[in-house]
Amino acid sequence: MIQKKAYFLHDLSKIKQPTNFDSIYVGNEFCQFLLPTIEQLVRLEKKIPNTKVTFVTPYLTEDKLDKISILLNYLNNNNHFNEIAVNDFGVLNLIKDKYTNLTPIIGRVLVHNFFSLKKGLRVMNIDTINFFIKNYHVDRFETDFYSKNILSKKEQSQLIKPIKISFYYPFRYLTTTRRCILANSLNKNQQNEEIIKCNRPCIQKNNKLTFKYSVIKNKIYLNGNTEFIKCNHPRLKTDKMIDRIIYDNPFE
Amino acid sequence: MKIITGFSKIQEISPLIEAGAEELFCGIIANNKNKLYGHRPNTRQYNIGSIEDLKEAIKITHQKNKKINLVVNEGDFSPENIKIIIPIIKDLDNANIDGFITKDLSFLLMCQKEKIKAHVHLSSVAACLNSESIKFFQKLGIKRYILPQQLTPAEFKKIKNKNKIETEVFFHMVNNCPNIDGLCRFHETELFDFEKSFFFYICRLIPKIEPYYSNPIQKMIPNQKSKKTISMVSTFFQHRQQYDFLDRMYDFFNLNVDYIKLGTRGFPTIEKIKRVKLTKNLLTILEEKLSKNQFKQKAQKLIFLDKKILYQDDKFEI
């Protein structure tokens, strides 16, 4: 199986035809304030009409359900965006009930609900996956945590339809917060409240930071409300379950 | 608003109910025979010892006309483990357990398939922050929504207008998660030593902060803007506050949340009882329909009289 490469485009003001990549990702899985506008999506479509695009949605509060519905409605009537990576069960529910032209895939935040720990390895539950293939038409799961034998050959044979796995690199997310470390820090009046309006300081290069905790060996990378560590597994490129590698570097 | 409290010993049931608890919950020591893991450490401090003890607890609680739920919100619900779990869950269902608390999709699907009559409550660690997500979980059979710690009263109000599900909110006096606990991988990663107690508090440590450099040359150029950001982020970490629990209690009470839950099951018995009594007294003040400030003043006096509780919170609640 040939692994395809995808590029996560964070800055929609710099749209370029990607070279060396088969498709692009837009959107955000951690922050609802970083969702693109329809105007940006129209521009994207015009600039790179022949490139497949996966739209990534974050976990959402009630306030942003309306915005995501508008975006989903646009995407539902547009063939350019072939997949929606969902990171909130509410979005999955909306797609199933209202936006049936869209193909949902399970994003890397939500995917943890499909894994179980077994002898220290992360494995997927076949019965649960089959339920989601059958009822939600999901056929792709995305992760940033490498684990050998996510599905054994025997388990793969029990799937009602084959599934595909994508892998994010070079960063793996550790944690995410609603009290955004960056936006709250820079807003003296709102330091201990959930962000309601955001002027998106995280997109500025000067605001990309690294952390070093005394009890953790790895350096931690902060992008807005989410902390990451670096990940790159030697088996990544040869693992037959992984058919797509997503290059996602929000620090570029 | 009714009080739910955790327990870990059968002997705690009667005094907790006498103190004012309307409903109880517990975890069970998980092992290879039952595979019923919860979100808290798998020790006797937090969990009841066996299925037999749990059945006894169900009997005692029902004799007192109260309800009892089991926490099964973390663990390995692989198909082979589900096979082990099914007869145990059916057995507890036949023993008339009132509810199971979970976030696990496989567990929810199993309960539907096996027609388990006990209610299933959606754990706060499911990180369910909007009404559509609740609808999704209702299709999987949940009957009660336990609010995530990171959901604000204003957000809950909007959810409540769209969905009339039974609700429950955690009452944490000191230690609530700064991160979204259901989406946080700090506890799962191989980076940490699971045996060390500070592991649980890692998100409350203050890190050393530096700018991100994509290449070594950047590192050599002083950047005043980054310096300013670092200084502000450092200050934020030093003053990162907990939620104001009295504010939240007042708001959620007035939003008619059905249950208030005390996450105290790892506490010593005497502390659990104290906390139920305190909560009951706070609810009595809330019944007086005071303004928020008046409530907080009265409540703070009450807590001041029992100041010891706040100090012990840090020690016990993780």
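Not measured: the values here are computed from a predicted model.

Rules behind the numbers
- Residues numbered from 1 in each chain as written.
- Chains lettered and ligands numbered in written order.
- Predicted model: local features only at pLDDT ≥ 70, side-chain atom pairs only at ≥ 80, totals over all residues.
- Heavy atoms only, no water.
- Salt bridge = Lys/Arg side-chain N within 4 Å of Asp/Glu carboxyl O.
- Helix = DSSP H or I, 4+ residues; strand = E, 2+ residues; numbered from the N terminus.
- Buried < 20%, exposed > 50% of the residue type's maximum accessible area, 1.4 Å probe, protein only.
- Axes fitted to C-alpha atoms, helices over the stretch in contact; angles between N-to-C directions.
- Parallel < 35°, antiparallel > 145°, perpendicular 65-115°, else oblique.
- Left-handed = near helix turned anticlockwise from the far one by under 90°.
- Contact = heavy atoms within 4.5 Å.
- Nonpolar A, V, L, I, M, F, W, Y, C, P; charged D, E, K, R; others polar.
- Phe/Tyr/Trp six-rings, centres within 6.5 Å; stacked < 30°, edge-to-face > 60°.
- Lys NZ or Arg CZ within 6 Å of the ring centre and 35° of its normal.
- Pairing = 2+ DSSP bridges.
- 1 Å grid on protein atoms, 1.4 Å probe; cavity = no way out; pocket = protein on both sides within 12 Å on 5 of 7 lines; lining within 4 Å.
- Points joined across faces, edges and corners; volume = space filled by probe spheres on them.

What follows concerns the pattern of salt bridges. Residues and elements named next belong to chain A. Within this structure, the stated rule accounts for 27 salt bridges over all chains. Here lysine 14 makes a salt bridge to aspartate 11, at a shortest N to O gap of 3.7 Å. One salt bridge connects arginine 108 with aspartate 144, and the closest N-O pair in it is separated by 2.9 Å. With arginine 108 in the loop between strand 5 (104-106) and strand 6 (115-118) and aspartate 144 in the loop between strand 8 (140-143) and helix 5 (153-158), the pair connects residues that are 36 residues apart, well separated along the chain. Neither arginine 108 nor aspartate 144 differs from the other in exposure class; each is buried.

Once that is clear, we can look at the packing of helix 9 (residues 245-254) of chain B against helix 10 (residues 269-287) of chain B. Residue and element names in this part refer to chain B. At a minimum axis separation of 11 Å, helix 9 and helix 10 run at an interaxial angle of 55°. Between helix 9 and helix 10, the crossing angle belongs to the class labelled oblique. Between helix 9 and helix 10 lies a crossing whose hand is right-handed. Contacts from Leu246, Met249, Tyr250 and Phe253 of helix 9 reach helix 10 at Thr279, Leu282, Leu283, Leu286 and Glu287. Residues that form the contact of helix 9 with helix 10 fall into these classes: seven nonpolar, one polar and one charged.

Attention shifts here to the packing of aromatic side chains. This model, assessed by the stated rule, comprises 33 aromatic pairs over all chains. On the numbers, 6.3 Å between centres and 50° between planes, the contact of phenylalanine 131 of chain A with tyrosine 136 of chain A is tilted. The class for phenylalanine 131 of chain A is partly exposed, based on a relative accessible area of 23%. Measuring from ring centre to ring centre gives 6.2 Å for phenylalanine 211 of chain A and tyrosine 213 of chain A, while their planes differ by 90°; the resulting arrangement is edge-to-face. Linked through ring pairs, Phe89, Phe114, Phe131, Phe132, Tyr136 and Phe141 of chain A together with Phe136 and Phe137 of chain B together constitute an aromatic cluster. Across from the ring centre of tyrosine 136 of chain A, 5.2 Å away, lies the NZ or CZ of lysine 96 of chain A, which sits over that ring.

Further remarks concern the sheet that holds strand 12 (residues 220-223) of chain A. Within a sheet, neighbouring strands are paired by backbone hydrogen bonds and run either parallel or antiparallel to one another. The strand order 10(A)-13(A)-12(A)-11(A)-9(B) describes an open sheet built from five strands, whose pairing is antiparallel. Sheet topology places strand 10 (171-176) of chain A together with strand 9 (208-211) of chain B at the edges, where each strand pairs with a single neighbour. Strand after strand, the sheet turns through a mean of 35° between neighbouring axes, direction not considered. Bridging between strand 12 of chain A and strand 13 (residues 226-230) of chain A involves three bridges; their strand directions are antiparallel. Across the sheet, residue asparagine 223 of chain A finds its bridge partner in strand 13 of chain A, namely threonine 226 of chain A. Contacting strand 11 (209-212) of chain A together with strand 9 of chain B, helix 8 (residues 224-238) of chain B crosses the sheet at an angle of about 160° to strand 9 of chain B.

It is worth spelling out the layout of surface pockets at this point. Residues and elements named next belong to chain A. The calculated volume of the second largest pocket comes to roughly 800 Å³. As for the second largest pocket, its lining consists of 30 residues, of which Leu9, His10, Asp11, Leu12 and Lys14 are closest to the centre. Contributing elements (two or more residues each) for the lining of the second largest pocket: strand 1 (4-8) and strand 2 (23-27). Here the residues of the lining of the second largest pocket sort into 14 nonpolar, nine polar and seven charged.

Residue and element names in this part refer to chain B. Put simply, helix 2 (residues 51-63) and helix 3 (residues 79-94) touch, their axes get as near as 10 Å, and they point 20° apart. Judged by the angle between their axes, helix 2 and helix 3 are roughly parallel. Considering the relative orientation of helix 2 and helix 3, their crossing is right-handed. Contacts between helix 2 and helix 3 pair Ile51, Leu54, Lys55 and Ile58 from the former with Ile88, Asp91 and Leu92 from the latter. Residues that form the contact of helix 2 with helix 3 fall into these classes: five nonpolar, no polar and two charged.

Residues and elements named next belong to chain A. Going through the model one piece at a time under the given rule, you end up with four cavities of 30 Å³ or more. Put simply, the largest cavity is a space of about 300 Å³. Phe30, Cys31, Gln32, Thr177 and Asn225 are the residues nearest the centre of the largest cavity, which is lined by 26 residues in total. Grouping the constituent residues of the lining of the largest cavity by class yields 14 nonpolar, nine polar and three charged.

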